[in-house]
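# Structural features, examined
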Amino acid sequence: MPFAAPSASGSVAEDALSWTSWSGSTWERVLVGRMSTSNGVVPLDEVREDIDRAARRLRTATLRAGTVGAALKGGLNLFRLLARARRKPKRKGVLRVAAVDAARDTVAFASFLATFAGIYVAVDEGLAMGYGRTRSGEWRAAVAGAIAAPALLLADPRGCGHTGRVRDMPLTQNTKTQNEGHHGLATYLALRAAVLLTRSALKKREKGEYIDDYPMVHTALAPFASKHADVGLMSAAATVILSCFIMKPDALIGPYANFLNRHGGKTVPHYRALGDFVLSKNGKDARETLSKAAVTLKQPLLLTVLGSMDDKTLMASRPLFWRLIIHPGENSLHHFFKFLLSSWQRSVSVNAPLYLVSTMVVHRTRLFDPKLGPEIFKRSMLGTCRSSLFLSTYCALAWLGPDCLQTLTGKANWLTVFSGVPTAGLATFIEKPSRRQELSVYCASRAVEAAAVCCLSWGLVPQVVQKKLRVDVLTFLFASSAIMRCYSNERDVFKSKYLNVLDFVFGNQGHGKQRVKHVGSVYQIATQAPAMATPPTSPEKRK
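Residues numbered from 1 in each chain as written. Predicted model: local features only at pLDDT ≥ 70, side-chain atom pairs only at ≥ 80, totals over all residues. Heavy atoms only, no water.

## A word on the overall build of the chain
Of regular secondary structure, the chain possesses 23 helices and 2 strands. Here the chain, with 543 residues, has 45% of them falling under the buried criterion. Residue pairs at least 24 apart in sequence account for 67% of intrachain contacts in the chain once pairs closer than 6 positions are excluded. For the chain, the exposed area adds up to about 29,100 Å²; of that, 63% sits on carbon and sulfur atoms. (Helix = DSSP H or I, 4+ residues; strand = E, 2+ residues; numbered from the N terminus. Buried < 20%, exposed > 50% of the residue type's maximum accessible area, 1.4 Å probe, protein only. Contact = heavy atoms within 4.5 Å. Areas by Shrake-Rupley, 256 points an atom, 1.4 Å probe, with all protein chains shown as cover.)

So, in structure tokens, the structure goes:
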């Protein structure tokens, strides 16, 4: 449908080029080789140049997105395979099957990112040509991100997103196929998008734009303006995650549940015994739970103490049995420091590959620079040690908090666990400020996921939502739309390392010029002229 001719006074140069204009179809003129320059029509050479640029951008973005996806997922899967090989599996052929699954998972994730980037760039360029780059600048990136969001279905390694096999199963079932969804990734990105939008709102708040017109919004944003807001979010997330870990373990699913089981420092029977014990409501139930735990955990001391008490004395001594299950024969502080040392070693094995992969993706060729490379590796090693200390302290405080609270109150029930585990969030102060927000957003996404599973198991979510909708895709749609909109129009709300990766795929000039123009090499910087207007002249030369 033709567009009305723009006025001469208000026309924008970059908006003059569109797939259709008041003089006819630009594509028709390109294909037939004719291009009129009258009535404001853009010359044919400029149209062909812009089409070639858009095609190059599409190819480059797709290829680089696929490469990033293969590097990220492939690197993590490789470290998992190495860790599994070190444990020497009992059955033959397990590693081969795991390797095939890892390769399939890597290809699926790389295909997802490549398709997402390709669709996004294609839609972005099409909207820019159809409606004008400046006129559509406020909403174009958001629309393109939303349209590209269903590419997340390609990340299902077995194609379950297309067949509907997983969608037909209730999300409350803790099965292997349930883990093929991407609720964790989608929720994390949605919270990351919420952080970006909050930063954008905080910028306006600092300028005083909300005081007169929206005073309630100005007040509501006050907690987020605090420099310790990340620690508060981390403590809130710990309340949900660690409470579910003890009292409702089926709410934590997939690899994250295994992660907590490992770094909790105890065995799964320990966790189950603690959960059943704090949820017991009378002496009879508590005695049965403790008797089973004593046999399962092979703790004769627990049976001896239990046999010397009646039900009334048992209920009054519940904190004692909590300690007998977790650290028999040790006081709380001794267990804290002992656990801290043992947990740090486990934490290093987790953080080392994460820092290595992220360093390779973010810094790339600078790793091989004789001057920058050693410094980058040094910072990566220090970051690994610091993050490992955070994780070990987080887990140690998670045990210490309820233990101390139960000692003070003389009670050991679900409320003391729920009120004691938030102390684990204080470990976030160990991390450097630039990492605190990443940790808090990641843990908050896991907390939201756990809360959603609880709501599902309690019957609070309609069956039609469980069976017919891909909630992870809808969540990712919001996330990608918000993130790409901020990347296009408010780049200053991003941290530099995220911009580095996004620029590597979509271009470091944002979306104003619609170019994949990356940080140049030394050769390019030395040989290419700077992209700038005519340099200013001094007053003397002007005369």
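## Quick notes on the pattern of salt bridges
This model, assessed by the stated rule, comprises 18 salt bridges. When the shortest N-O distance is used, the salt bridge between Glu 431 and Arg 435 registers 3.7 Å. No difference in accessibility class separates Glu 431 from Arg 435, as the two residues are buried. (Salt bridge = Lys/Arg side-chain N within 4 Å of Asp/Glu carboxyl O.)

## Brief notes about the packing of aromatic side chains
Evaluated as defined, the whole model comprises 14 aromatic pairs. Ring centres 5.6 Å apart and planes at 65° place the aromatic pair Phe 112 and Phe 476 in the edge-to-face group. Of the two residues, Phe 112 sits in helix 3 (residues 94–131) while Phe 476 sits in helix 20 (residues 471–489), which places them 364 residues apart along the sequence. When its relative accessible area of 5% is taken as the criterion, Phe 476 is described as buried. Ring centres of Tyr 131 and Trp 139 lie 5.6 Å apart, and the angle between their planes is 75°; this geometry places the pair in the edge-to-face category. (Phe/Tyr/Trp six-rings, centres within 6.5 Å; stacked < 30°, edge-to-face > 60°.)

## Some thoughts on the environment of Gly 401
Along the chain, Gly 401 turns up in helix 16 (residues 372–409). Considered as a pair, Gly 401 and Ser 419 are 18 residues apart in the sequence and their alpha carbons are 8.3 Å apart. Residue contacts for Gly 401: discarding those within four places in its chain leaves Gly 420 and Thr 423.

## Here we look at the nonpolar core
One finds Leu 252, Phe 321, Tyr 394 and Trp 399 to be the most contacted residues of the largest nonpolar core, which totals 57 residues. Core analysis: the second largest hydrophobic core is formed by 43 residues, Phe 112, Leu 152, Cys 486 and Leu 499 among them. (Core = buried A, V, L, I, M, F, W, Y, C linked by side-chain atoms within 4.5 Å.)

## Observations concerning a positive patch on the surface
Taken together, the side chains of Arg 84, Arg 86, Arg 87 and Arg 262 make up a positively charged region of the molecular surface. In this structure Arg 86 comes out as exposed when scored by relative accessible area, which is 67%. (Patch = residues over 30% accessible without salt bridge, like charges linked within 9 Å, V, L, I, M, F, W, Y side chains within 5 Å. Lys, Arg positive; Asp, Glu negative; His and termini not counted. Charge placed at Lys NZ, Arg CZ, Asp CG, Glu CD.)

## A look at the side chain of His 263
With respect to the element layout, His 263 can be found in helix 9 (residues 255–263). Residue classification places His 263 among the buried positions, given a relative accessible area of 1%. Each residue touching His 263, except ones within four places of it in the same chain, is listed here: Phe 339, Arg 346, Ser 347, Val 350, Leu 391 and Cys 395.

## Some thoughts on a negative patch on the surface
Residues Asp 45, Glu 46, Glu 49 and Asp 52 make up a contiguous surface patch of negative charge. Within the secondary structure layout, Asp 45 lies in helix 2 (residues 44–86). Asp 45 gets classed as exposed once you look at its relative accessible area, which sits at 60%.

## Focus on helix 16
Counted at 1.5 Å a residue, the expected span for helix 16 with its 38 residues is 56 Å, and the 55 Å between its end C-alpha atoms agrees. Two residues or fewer past helix 16, Gly 410 is found with a positive phi of approximately 75°. (Expected span 1.5 Å × (residues − 1).)

## As for a nonpolar patch on the surface
On the surface, a cluster of nonpolar side chains totalling about 540 Å² of accessible area is made up of Leu 78, Phe 79, Leu 82, Leu 356, Met 360 and Phe 377. Those elements that place two or more of their residues in the nonpolar patch are helix 2 and helix 15 (332–363). Along the chain, Leu 78 falls in helix 2. The class for Leu 78 is partly exposed, based on a relative accessible area of 47%.

## What to know about helix 11 (residues 283–297)
Over its 15 residues, helix 11 runs 20 Å from end to end, which matches the ideal 21 Å to within 8%, given 1.5 Å per residue. The secondary structure elements touched by the buried residues of helix 11 are helix 10 (268–279), helix 12 (300–307), helix 13 (311–316) and helix 14 (318–326). Residue Asn 282 occupies the N-cap position of helix 11, its side-chain oxygen lying 3.2 Å from the main-chain nitrogen of Lys 284. Where helix 11 terminates, the next one or two residues include Lys 298, which has phi positive at roughly 55°. (Polar contact = N/O pair within 3.5 Å; in protein donor to acceptor, adjacent residues only side chain to side chain.)

## Brief notes about the confidence of the model for the chain
A residue-level look at the chain finds 80% of positions with pLDDT of 70 or above and a mean pLDDT of 78. When pLDDT is averaged over each helix and strand of the chain, the minimum, 33, is found for helix 22 (residues 522–527) and the maximum, 94, for helix 17 (residues 414–420). Below a pLDDT of 50 lies the segment residues 1–39, which in the model reaches 67 contacts outside its immediate sequence neighbourhood of four places, other chains included. Under a pLDDT of 50 for its full length, residues 508–543 has, in the predicted model, 41 contacts with residues more than four places off or in other chains. (pLDDT = per-residue confidence, 0-100.)

## Quick look at the packing of helix 11 against helix 12
Packing of helix 11 against helix 12 brings their axes to within 8 Å, and their N-to-C directions diverge by 150°. One element, helix 11, and the other, helix 12, form an angle in the roughly antiparallel class. Two packed elements cross with a definite hand, and for helix 11 against helix 12 that hand is left-handed. Across from Arg 287, Leu 290, Ser 291, Ala 293 and Ala 294 in helix 11, the residues of helix 12 making contact are Leu 302, Leu 303 and Leu 306. Of the residues contributing to the contact of helix 11 with helix 12, the split by class is 6 nonpolar, 1 polar and 1 charged. (Axes fitted to C-alpha atoms, helices over the stretch in contact; angles between N-to-C directions. Parallel < 35°, antiparallel > 145°, perpendicular 65-115°, else oblique. Left-handed = near helix turned anticlockwise from the far one by under 90°. Nonpolar A, V, L, I, M, F, W, Y, C, P; charged D, E, K, R; others polar.)

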